[in-house]
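An overview of the molecular structure
Here's the letter readout for the chains.
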Amino acid sequence: MASSDEFPASFYGEPGVLGMLSNGISAFLVLLQNFHTAHTGTAPAGVENILAGVHLILIGGVCQLVAGMLSFRKYDHLSGTAFIGYAALWGSYGATRIYFGASAQTPSIVPLPAQIMNNLSTNMTSNMSLTATMVIPVCHVCLSIKETAIAGLVPYILLSFLLAFCSATVNYIMPLVFGAITATLVFEAVGLVASSWALVVSGVLELLILIFAIYGSAALLGKGLTQRLVLKGFGTPLFNVLLLGTTNSGSAQKIGQEKKKNTKYAEPMALGFFCDTVAPFIFAFYSFGYMKSFGVGVAWVSIITVSQLFSSYYAHLRQDCYHTTKFGLHATYWLIKAWDEFVLSALVLEDGKVASGREAMVGNWFFVVAGVMLCVGSLNTDVLELIHNMLFVLLTLSTIPQIALQGYYIFFGVACSLFTAASLYCTFSRLINTIAEKSLIPVGPQPISSEMLKKALMCCRANQGDQEALPQTDQGSDALFYISNGVAALSALHARSSSLNPAFLHLTVPWVLISGAIIQAYVSRLQVTGGGRFGSVIPTIYIAVWATWTWFRFSGNLLQLSAEAAYGFTAGAIALLVINAFLMLIAAYRNLVLLFLTSVMEVVLVCFLLSTLQRLPYGFEIAMLALFSIICIYGALASLVNCIFSHRLLPMGPPLIKEKVRWESVPELPCPVANSRLTSSLMKIAGLLEEGGVCGVPTDTVYALAASCKNPRAIENIYNIKDRPVEKPICICISNVEQLVEAKPPFSPLLWEFMRNVYPGGISCIVSKGDWLFKLGVGPAYDRVGTKDSIMIRVPDHTVIGHLCDITGPRAITSANPSGEPDSTHHTMVINRLGHKLQGVLCDGDSNEVVASTVVNCLKIDEGTITIVREGCVPAVKVHQIFERVKSTMV
């Protein structure tokens, strides 16, 4: 059942107002500093920079993040991607300003004594170069602030240009804003290394951003308040997106599969690839020696990682387990690598210590295996996804810790460069193809057909007969749960000698803590959203396990905890052992893989208990952590594949404990109910409608009240049941457009083409009334539906309702809710609120949407105009895009 905190898309207003104003105000803040620097010749420092950075994070980062989240809920792919992407930009730039301000003094270039040069040379890692004169920083973490800022701005320049180009296919205000941002970022980067003239040019461009943003916000605000385009700029693109190419038939299957997913939220794939462009670009700059420290780079990568987690989150809300896992895995990898390099920058360890510490680490191998898993999953998508995943595997191989330190960064830099280029193309293709709703930019065909892939994956099953349906206990976030635990376990694996190496202890902290605690906290949130029976109990407890493990086993050795403190961890280990025993009981209700995982964790916790007592058998612990990781590898692969195909292709094992269903007396329902999956039930509801009854039925949006057009009195009853005002007309519902064709209404070719593009679906069209309605079968209800001159026609994209219309003929429908109250998104809501007034309810579970259809007035379509009467599940922007596309094909 839909949660109460979900609102219809129309409830979110116009988040573009908040998004563009956030860009405009942020640009204005930077403008003031740039003009002041150019005028006085003195760069801002200290508190001034810190305050500017905080304001950029709050306004350009947080406020714009909210705008992006609301845009995704309004099914606005472009705005959601742009606003969350720019939120990361302004947040990162704000963090850079704070770094500048936090420096005790402006760095100056002075010659260093030979002795200091020799000492620093032995302490700096091999990818850092020194000269006879260098900048004396306050700390090693604050080295290369300007270089890091440039490395971060360059990918945003490329991506901002893509956003400006893509937005030109939607309207001509956003390309002006995004184009001005692109030019501003260019001169901001130049201003970091050049004279003040670049800052002046940047300031002028930032003023243009502010002007364009204010106008665009006013236009959107007027549109939201009046439901009309009061100011020009929106609704009319600079050019038609179809000019970019012809539809690639090879990708038709992929698009068809995407439409089956939850369409309450916009597609987050472009945002995920956006983030996959920024993070590796920064790492490439660092690997090639352009940045001497990753102290500031960690802030840029961490912030863009948060954005990537949002792309994973919205993929989860769309019930897209593949992209949920992919972007969650990538975010984990970037975050761990960023803090891994930060530790090196902060500690400035010797080459020998770094090499020995990294050689003892094996956690990166799990990322290699996880990358191969994604390659398997992408065989069901397209060639572009497969190439992108193969490059990620190359990327993870380049960071295998056993590679010599000199070749490590070169290999990593090349892999990051290739991955950045592929991600940039993926961002562009996903944006254009989602805007056009056609595969205009080539992404390649599906590498292997779904049937062949299913057969290949089922070869390991003992019973290769009927495919087992995926149980409701399985969730799309299960694969990410196994991955996060697998990375933590493999990273925690070490020998006794490694525990004496401070480099290993320092480097291991981010690997175990980020994957086992931070990312698993995100997984816990996903599992709460998924609504599983036991929710997020297991991942929540394992957050505590890995956080405690990190604190005692790695940080504890560095901090040299006392014996008394160790006994405190002993008590904690005993508590975790007891709690995990209950987790084993929960896992027994799920499947054998999860039960084995929790059982091995129980043994691992015994090892942790022994380590607090200084009696740890290291060899046994290594074996248990390795076994735990192997179980996680299989669990992740099986969960991902099974979720992609919605069938259990790879066995997870049956639940050891099966819940016994208790049959208890059920309170008598207020009206007859029928199961939508049974033909007999459908005939039962059809009979009730034929007899003049009013029934609750599912549609492709929300539940509706239905009455037969053969019974005018039944239509009058709908008004009484809902307490609906008589001035609000009721629409009619048919099964397909061909029924209209047979009635021969006097529609223009443009209207016919528009209706064929929007039907079946969540759009209702208002057309002129006429005698053709009698041929359609409306007959006696002619005066009871629509207005005197017009009628609204609905063609739901729903098999059940289509069959019902074929049986009973056209039906009068309206939303199944008391007038003025929220729509019904589950059959129980219909039964509880209106059941005592109805003759029956056709039960179909959760509705596909949380809001009714979008109503389009087509009475003036021949004049080239349509009007959005009510914005529902299909955004107004999307309706106008369809209309403009249809008009262009009719010319």
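Residues numbered from 1 in each chain as written. Predicted model: local features only at pLDDT ≥ 70, side-chain atom pairs only at ≥ 80, totals over all residues. Heavy atoms only, no water.

Regarding the packing of aromatic side chains
Formally: Stacked, tilted and edge-to-face are the three classes assigned to paired rings of Phe, Tyr and Trp, where Trp is represented by its six-membered ring and a pair needs centres within 6.5 Å; plane angles under 30 degrees give stacked, over 60 edge-to-face, the rest tilted. A run of H or I in DSSP becomes a helix once it reaches four residues, and a run of E becomes a strand once it reaches two; helices and strands are each numbered from the N terminus. Think of it in three bands: with a 1.4 Å probe and only protein chains considered, a residue is buried below 20% of the maximum accessible area for its type, exposed above 50%, and partly exposed in between. Two limits define a charge over a ring: the Lys NZ or Arg CZ must be within 6 Å of the ring centre, and within 35 degrees of the ring normal.
Using the criterion set out here, one finds 33 aromatic pairs in the structure. Ring geometry for Phe 283 against Phe 412: centres 5.5 Å apart, planes inclined by 55°, an arrangement best described as tilted. Taken as a pair, Phe 283 in helix 9 (residues 269–287) and Phe 412 in helix 15 (residues 405–436) lie far apart in primary sequence, 129 residues in all. Exposure remark for Phe 283: the relative accessible area of 0% places this residue in the buried category. Between the aromatic rings of Tyr 313 and Tyr 314, the centroid separation amounts to 5.5 Å while the plane-to-plane angle is 70°, which identifies the pairing as edge-to-face. By way of ring pairs, the aromatic residues Phe 283, Tyr 286, Phe 294, Tyr 333, Trp 334, Phe 367, Phe 392, Tyr 409, Phe 412, Phe 419 and Trp 511 are connected into one cluster. Over the aromatic face of Phe 412 sits the side chain of Lys 337, whose NZ or CZ is 5.5 Å from the ring centroid. Lying across the ring of Tyr 782, Lys 769 places its NZ or CZ 4.6 Å from the centre.

Things to note about the nonpolar core
What counts is decided by this rule: Buried residues of nine kinds, namely Ala, Val, Leu, Ile, Met, Phe, Trp, Tyr and Cys, make up a nonpolar core once their side-chain atoms join them within 4.5 Å.
If you look at the biggest cluster of nonpolar residues, it comprises 172 residues, and the most contacted ones within it are Tyr 156, Phe 178, Phe 294, Leu 395, Tyr 482 and Trp 546. Tyr 703, Trp 752, Met 755 and Ala 812 belong to the second largest nonpolar core, which has 59 residues in total.

Some remarks on the pattern of salt bridges
Quick reminder of the rule: Note on definitions: salt bridges are taken to be side-chain nitrogens of Lys or Arg within 4 Å of carboxyl oxygens of Asp or Glu.
If you walk through the whole model with that rule in mind, you get ten salt bridges. With a closest N to O distance of 2.6 Å, Glu 621 and Arg 553 form a salt bridge. With a gap of 68 residues between them, Glu 621 in helix 22 (residues 618–645) and Arg 553 in helix 19 (residues 537–559) connect regions that are remote in the sequence. Note on accessibility: Glu 621 and Arg 553 belong to one class, buried.

What to know about the environment of Leu 32
Position of Leu 32 among the secondary structure elements: in helix 1 (residues 15–40). Exposure remark for Leu 32: the relative accessible area of 44% places this residue in the partly exposed category. Distance from Leu 32 to Leu 207, taken between C-alpha atoms, is 9.8 Å for residues 175 residues apart in sequence.

A closer look at the side chain of Asp 823
To keep it simple, the criterion reads: Under the convention used here, Asp and Glu are negative, Lys and Arg are positive, and both His and the chain ends fall outside the count. As used in this structure description, the phrase polar contact means that two N or O atoms lie within 3.5 Å; if the pair is within protein, one of them must be able to donate a hydrogen and the other to accept it, and residues adjacent in sequence are counted only when both atoms belong to side chains. Residue contacts are defined here by distance: any two heavy atoms, one from each residue, within 4.5 Å place the two residues in contact.
Along the chain, Asp 823 falls in the loop between strand 11 (811–815) and helix 29 (827–834). The buried charged residue Asp 823 lacks any salt bridge, with Arg 833 as its nearest oppositely charged partner at 6.5 Å. Polar contacts involving the side chain of Asp 823 include one to the main-chain amide nitrogen of Ala 852, which spans 3.4 Å. The contact partners of Asp 823, leaving out residues within four places of it in the chain, are Val 702, Ser 815, Asn 817, Met 829, Arg 833, Val 850, Val 851 and Ala 852.

Focus: the side chain of Thr 96
Its location among the elements puts Thr 96 in helix 3 (residues 77–102). Taking the relative accessible area as the measure of exposure, Thr 96 reaches 2% and is therefore buried. Residues contacting Thr 96, with those up to four places away along its chain left out, are Ile 145, Ala 149, Val 296 and Trp 300.

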